[in-house]
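Each chain, letter by letter, is given below.
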Amino acid sequence: MLVLLAGGLSTVFSQSVQLKFHNAFVITAMVVCVYVSSGNSGVISFGHVSFVAIGAFAAGLFSMKAQQKGAVFNDLFPFIKDNHLGNLATLILAAALGGLYALVVGIALVRLNGLSAGIATFAVLGITRNVLRNWTKVGPGAKSIPGVEETTGLTQALMALILCIVVAYIYQRSAAGRRLRATREDAIAAQGVGIRIYRERLIAFTLSGAMAGFVGAVYVHFLGSVSTDQVYLDLTFLVLAMLVVGGVDSLWGATLGGLSISFINTLLSEGEKGLSLFRQKFTLPTSSSGIILAALMAIVLLTRPKGLANGREFGLRGFRRRDSI
Amino acid sequence: MTERPGSLHATALSRTYAGVRALEGVTITVRRHEVIGLIGPNGAGKSTLVNLLSGFDFPTSGSVMLEGFDITTWSAHRRVRSGLVRTFQHGHAFPGLTARENIEVAALGTGAARGVAARRATELLELMGLADHSNAEAATLPHGDERLLGVARALATMPKFVLLDEPAAGLNEDEISAFADIIKLVRDERNAGILLIEHNVPLVLGVCDRIHVLDQGETLAEGSPTEIRNHPAVADAYLGATAG
Amino acid sequence: MRYVQYFIDAVALGSLYSLVALGIGLIFGVMRLINLAQGELLMVGGYTLFATNGWSVFVRVPLVLLVIVGLALLMERAFRRLRSAAPATMLVMTFAVSFLLRSIAQKRWSAQGKSMNIFSGLSHAFTVGQLRIRYVTLVSIAVGGVLLLGVNLFLNRTDIGLQMRAVASDRRIAQALGVRTNRVVVTAFALSGVLATAALLLFVPQRPTVTPDFGLQIAIVALIGVVVGGMDRLAPATFGGFSIGFANSMVFSLLPTGQRVFLDSVLYGLVIIVLLLRPQGLFQRERQTTRV
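The model shown is predicted, which means the values in this text are computed figures rather than measured ones.

Reading the values: rules and limits
Residues numbered from 1 in each chain as written. Chains lettered and ligands numbered in written order. Predicted model: local features only at pLDDT ≥ 70, side-chain atom pairs only at ≥ 80, totals over all residues. Heavy atoms only, no water. pLDDT = per-residue confidence, 0-100. Helix = DSSP H or I, 4+ residues; strand = E, 2+ residues; numbered from the N terminus. Contact = heavy atoms within 4.5 Å. Buried area = accessible area lost by both parts, 1.4 Å probe. Salt bridge = Lys/Arg side-chain N within 4 Å of Asp/Glu carboxyl O. Polar contact = N/O pair within 3.5 Å; in protein donor to acceptor, adjacent residues only side chain to side chain. Buried < 20%, exposed > 50% of the residue type's maximum accessible area, 1.4 Å probe, protein only. Disulfide = S-S within 2.5 Å. Pairing = 2+ DSSP bridges. Axes fitted to C-alpha atoms, helices over the stretch in contact; angles between N-to-C directions. Domains from an automatic or database assignment. Patch = residues over 30% accessible without salt bridge, like charges linked within 9 Å, V, L, I, M, F, W, Y side chains within 5 Å. Areas by Shrake-Rupley, 256 points an atom, 1.4 Å probe, with all protein chains shown as cover.

A description of the confidence of the model for chain B should follow, citing residues and the corresponding values.
Of all residues in chain B, 95% have pLDDT values of 70 or greater, and the mean over the chain is 87. When mean pLDDT is taken per element in chain B, strand β8 (residues 193–197) of chain B scores highest with 94 and helix α9 (residues 232–243) of chain B scores lowest with 64.

Tell me about the interface of chain C and chain A, and please be specific about residues and values.
Counting residues at the interface gives 38 residues for chain C and 41 residues for chain A. Looking at the side of chain C facing chain A, the largest losses of area belong to F95, K107 and Y268 of chain C, adding up to 16% of the total buried there. For the pair chain C and chain A, the interface holds one salt bridge. D234 of chain A is the partner of R102 of chain C in a salt bridge, and the nearest nitrogen-oxygen pair spans 3.6 Å. Here chain C and chain A share four residue pairs in polar contact (both at pLDDT 80 or more) between them. Those elements that place two or more of their residues in the side of chain C that touches chain A are α4 (87–109), α9 (214–229) and α11 (263–277) of chain C.

Can you explain the pattern of salt bridges? Please cite residues and give values.
Residues and elements named next belong to chain B. Tallied over the entire structure, the rule returns 25 salt bridges over all chains. Here K160 ties to E67 by a salt bridge, and the two come within 3.0 Å at their closest N and O atoms. Note that K160 is positioned in the loop between α5 (143–155) and β7 (161–165) and E67 in the loop between β4 (61–66) and β5 (69–70), a separation of 93 residues in sequence. Classification of K160 by relative accessible area gives partly exposed; the value is 27%. A relative accessible area of 24% means that E67 is categorised as partly exposed. The network of salt bridges with common partners includes R31, E34, R210 and E222.

Report on the state of the cysteines, specifying residues and quantitative values.
Evaluated as defined, the whole model comprises zero disulfides over all chains. Free cysteine: C164 of chain A, not disulfide-bonded; nearest cysteine sulfur from C33 of chain A at 4.4 Å.

So, the confidence of the model for chain A: which residues are in play, and what are the values?
Residues and elements named next belong to chain A. Summarising the model, chain A shows a mean pLDDT of 83, and 87% of its residues fall at 70 or more. Mean pLDDT in chain A bottoms out at strand β4 (residues 320–321), which sits at 47, and peaks at helix α11 (residues 197–223), which reaches 93. Taken as a whole, residues 316–325 scores under 50 in pLDDT and shows 22 contacts with residues more than four places along the chain or in a different chain.

Help me get a handle on the side chain of S63 of chain A, residues and values and all.
All names here are of chain A. With respect to the secondary-structure elements, S63 resides in helix α3 (residues 48–63). From its side chain, S63 meets the backbone oxygen of G60 in a polar contact 3.2 Å long. S63 has contacts with H84, L85, T90, V148 and H221, leaving out every residue within four places of it along the chain.

Give a description of the sheet that holds strand β10 (residues 218–223) of chain B that names residues and reports values.
Residues and elements named next belong to chain B. With respect to topology, six strands assemble into an open sheet ordered β6-β7-β8-β3-β9-β10, the strand pairing being mixed. Each edge of the open sheet is held by one strand with a lone partner, namely β6 (84–86) and β10. This sheet shows a mean twist of 15° between the axes of neighbouring strands, independent of strand direction. Inspection of the sheet shows β6 paired to β7 by three bridges, in the parallel sense.

Explain the domain arrangement of chain B to me, using residue names and the numbers behind them.
All names here are of chain B. Along its sequence, chain B is organised into domain 1 (1–83 + 161–244) and domain 2 (93–158). Here domain 1 and domain 2 have C-alpha centroids that lie 24 Å from each other. Overall, the association of domain 1 and domain 2 removes approximately 1,200 Å² of surface from exposure, summing both partners, and the carbon and sulfur fraction of that is 69%. Applying the counting rule to domain 1 against domain 2 returns one salt bridge. Ionic pairing is found between R190 and E123, a salt bridge with its closest N-O pair at 3.6 Å. Counting the contacts that link domain 1 with domain 2 gives four residue pairs in polar contact (both at pLDDT 80 or more). Of all the elements in the fold, those that place two or more residues in the side of domain 1 that touches domain 2 are α2 (76–81), β7 and α6 (173–189).

Hey, could you go over a nonpolar patch on the surface for me, with residue numbers and the actual values?
All names here are of chain A. A cluster of nonpolar side chains, contributed by L97, L100, L103, V104, I107 and Y198, occupies part of the molecular surface with about 490 Å² of accessible area. Ranked by the residues each element gives to the nonpolar patch, the list is headed by helix α6 (residues 87–109), at five residues. Here V104 is to be found in helix α6. Take V104: its relative accessible area is 52%, and that puts it in the exposed class.

So this is what it looks like as structure tokens:
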């Protein structure tokens, strides 16, 4: 279906606009990552963009040539400064680091529930950003990482998204995924049948951290350069908003929310520059895209508080209401 | 229509939840100056009936009339303002407010002025034997007292009809007989109609003017305490099982 | 003496954050809504100050109050339909409102900071021994104290205050008893607007530049304070706001100059530790056993 969508897009939009749509695919992949943990466990995380950031900076720094790094980021630890990795290797490294970081964070934090969990994960985001921005031995500081090879094209972005959806789907259908979803529905009953909430949440948190790290790497290979502010508050809230607008409790909701909002977002920000749609030229006033996007999200939430998907899930025979876990 | 002024009257109330019938064609009348007992085994539909009468749920079919007005679709607070109030099984006091404030806020809600609310609260705390706890936060009260507080809070709205949902659970023998006196007092002095949902059979038989028995969502029997006591089906379905 | 100086400064910043925290706590109390857009009240007020730079204080203060309270009431209208929605939905809705307002501000005034000033005399300082105290410090503590006391009296001594506490305690029952929930919620929003106005006017001497993100930063810190303190009751929430402001100032003063850039990490680290040790809130009593 996604492939059809991509095909359809190419007929409607001009070449230049099409290029921007890989952004939508990558952002949607992030929404799917957050869904793996927050959607299945019911505990919201504001911290996942930290893992995206770790992945993005690891991939960005290691794909820079050593002499280039010496010139721009002279403070880095030698093992970061002197090594250089190929594309695929940076993706794997990013996933590994993201997963490892999520594991460490998760060991401490997945015991928390509700708002406490939300704020604690938010604190992780704050620390990650603060450290990357100021400790120049490991992070880029206030500068952007420049000149990262832009290997993420439309195809690669789409493949990354599909990979994330497939992993999320497999996890959700696995025994571990079902156990975690049981804790979301009724924590006490789940414990009553011997499910260990802590362990199940930690598995999901780590898996989604690894996925987020990977997506971060894909993201940086698409942006070409990245600064700490690009992977901080706005991205966090945008990704969460997509998840909620789509519908927090289903993978279909996460995907739908991510795709629809990020496509609209892309269209709107292109629209500010002037957009040819069906051979008509449209131009939106500058900075109006954020206003329209926020208003759209508000309208969706007011009219469909349970999200666009409204509990529906991917299924082999079309979409069905998810009545059981 | 058989209802007349001065009564709370429900006709052929039914409520179906996702295909399951919780209540089926129940007709019940509570007149002012009268205590009606509502009994029945667990799952008989007592709570459903109270919810439908008090506006916490709405019937699939049937109607509720209050003193001649059709209130079937009225919200809970509109019913309270018209003189129909309920209590809750678990008290549901406002935990962060003191006992006195719990009562005052109910009086304020029905439009009383601050001074009136304060006077009513003093009176009701006295009546319920809660005067010693008037400045204690509701969350710190024992369960029995919390239920009494719930009753006091309901009375603070100056109701014409009160639905008491298992108010005596958690009270000891002495407290129960004191509570029976309170119920009679509310009937006689405030001229209120009371629907008493209660598992404590001696209390129900002792204080009620008439008794309505529900079983599996339908009316099983209706009559005076003596009639109910001697009703064979009731004894089988309910009294025999719990009185022993 | 140096530490006394730090302490006084920290109390002043704590007072400011406690005002914002109290506003957040009031709204959370009556409708279980975490209003991320609370900071935008300060932001919009800030631009109002910028637009009226040079006008008489007697016009500006009422005007800012009017704008902020008006915006708070508009927000209430926008959130009204979501009162029984899932917490995450409400949170994202407030984020959308915040994002909307920040986008409008960015469109109108750009991301570049605009300077605002009011009561510029407050920035002056006097010295007591070795202590250097700015007037704004004293005024912050005084205004903070008076407003906290005032809100406390309002909640405990007035009809609407009592009803507000009842709604915060159990909205459904309060509503069933005839408490006019709408009026209570509107009052809470208006009150939080008043608190935001006071906080803004006192923040100006420290942060005289308003940007579209001006309020968001303050609101997020206050919100963290509220959660750390304990959301379920107003007093712990307010103390939480005070504590985070206090800690913010204290940690900043105590960190060696070269390490001050890591202020956020230290603060957030403290937040995580507190949440792990006391997930129910720092100033919250042990949770009562759940009644089934």
